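Listed here are the chains, written in short residue letters.
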Amino acid sequence: QVQLVESGGGLVQAGDSLRLSCAVSGRSFSGYSVAWFRQAPGKERGFVAAASWNSGSIVYADSVKGRFISTRDNAKNTVYLQMNSLKPEDTAVYYCAAKWGPGSVGDHNYNYWGQGTQVTVSS
């Protein structure tokens, strides 16, 4: 079993930055790809970023490309999402998710999910 715990959310102003963390435990971290998704009120959960297990490939949603950066620290079993130039439309609950093998943009492909962390961006 794999457990994921997100942290780092909060209330910020437009243009500010935040860094989310996703701590992974329960199994060997290597081999698992970790992705970020988000869900805004009244909307479906959407893809944000996905980093494959070997960090050789990172994919971003067009809406965050150039502003968000996903990194991975295998020594700490943690994945980070650095969010820069935040916009009010980035307001959502952010989730990290894990799956064995290559990453995917489809949330249905992920077996393990964190509880989510709220990010609110005021204008």
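See the structure printed just above.
Below: a short report on this structure. Residues take numbers from 1 onward in each chain, read along the sequence in its written order. Where local features are concerned, this predicted model is filtered to residues with pLDDT of at least 70; where side-chain atom pairs are given and counted, the filter is 80 or more; whole-chain, interface and lining totals use all residues. The basis for every side-chain value is the complete set of heavy atoms in the structure, and neither hydrogens nor water enter the calculation.

## As for the pattern of salt bridges
The cut-off we apply is this: Whenever a carboxyl oxygen of Asp or Glu lies within 4 Å of a side-chain nitrogen of Lys or Arg, that contact is scored as a salt bridge. Only DSSP runs of H or I with at least four residues qualify as helices, and only runs of E with at least two residues qualify as strands; both kinds are numbered from the N terminus onward. When accessible area is computed with a 1.4 Å probe and restricted to protein chains, residues below 20% of their type maximum are described as buried, those above 50% as exposed, and intermediate ones as partly exposed.
In the structure shown here, the tally under the stated rule is four salt bridges. Between Arg38 and Asp90 there is a salt bridge, with its nearest N and O atoms 2.9 Å apart. You can see Arg38 sitting in strand S4 (residues 32-39) and its partner Asp90 sitting in the loop between strand S8 (78-83) and strand S9 (92-100), a full 52 residues away along the chain. Residue classification places Arg38 among the buried residues on the basis of a relative accessible area of 13%. When its relative accessible area of 1% is taken as the criterion, Asp90 is described as buried. Here Lys65 makes a salt bridge to Asp62, at a shortest N to O gap of 3.1 Å. The network of salt bridges with common partners includes Arg38, Arg67 and Asp90.

## So, the sheet that holds S8
Filter applied, for reference: Any two strands are treated as partners once DSSP identifies two or more bridges connecting them. Lines fitted to C-alpha atoms define the axes here, with helix axes fitted over just the stretch in contact, and angles between the N-to-C directions of these axes take values from 0 to 180 degrees.
The four strands lie next to each other as S1-S3-S8-S7, forming an open sheet whose pairing is antiparallel. Edge positions in the sheet fall to strand S1 (3-7) and strand S7 (68-73), since each has one partner strand and no second. Strand-to-strand twist across the sheet, computed as the mean angle between neighbouring axes with direction ignored, equals 15 degrees. Both S7 and S8 contribute to a ladder of six bridges, which runs antiparallel. Paired with Asp73 across the bridge in S8 is Thr78.

## Remarks on the state of the cysteines
Rules: Cysteine sulfur pairs qualify as disulfides if the two atoms are within 2.5 Å.
Scanning all chains against the criterion turns up one disulfide. Note that Cys22 is cross-linked by a disulfide to Cys96, the S-S spacing being 2.1 Å. Sign of the S-S torsion, about 75 degrees for the bond between Cys22 and Cys96, identifies this disulfide as right-handed. Note that Cys22 is positioned in strand S3 (residues 18-25) and Cys96 in strand S9, a separation of 74 residues in sequence. When its relative accessible area of 0% is taken as the criterion, Cys22 is described as buried.

In short, shape yes, function no, at least from these values alone.
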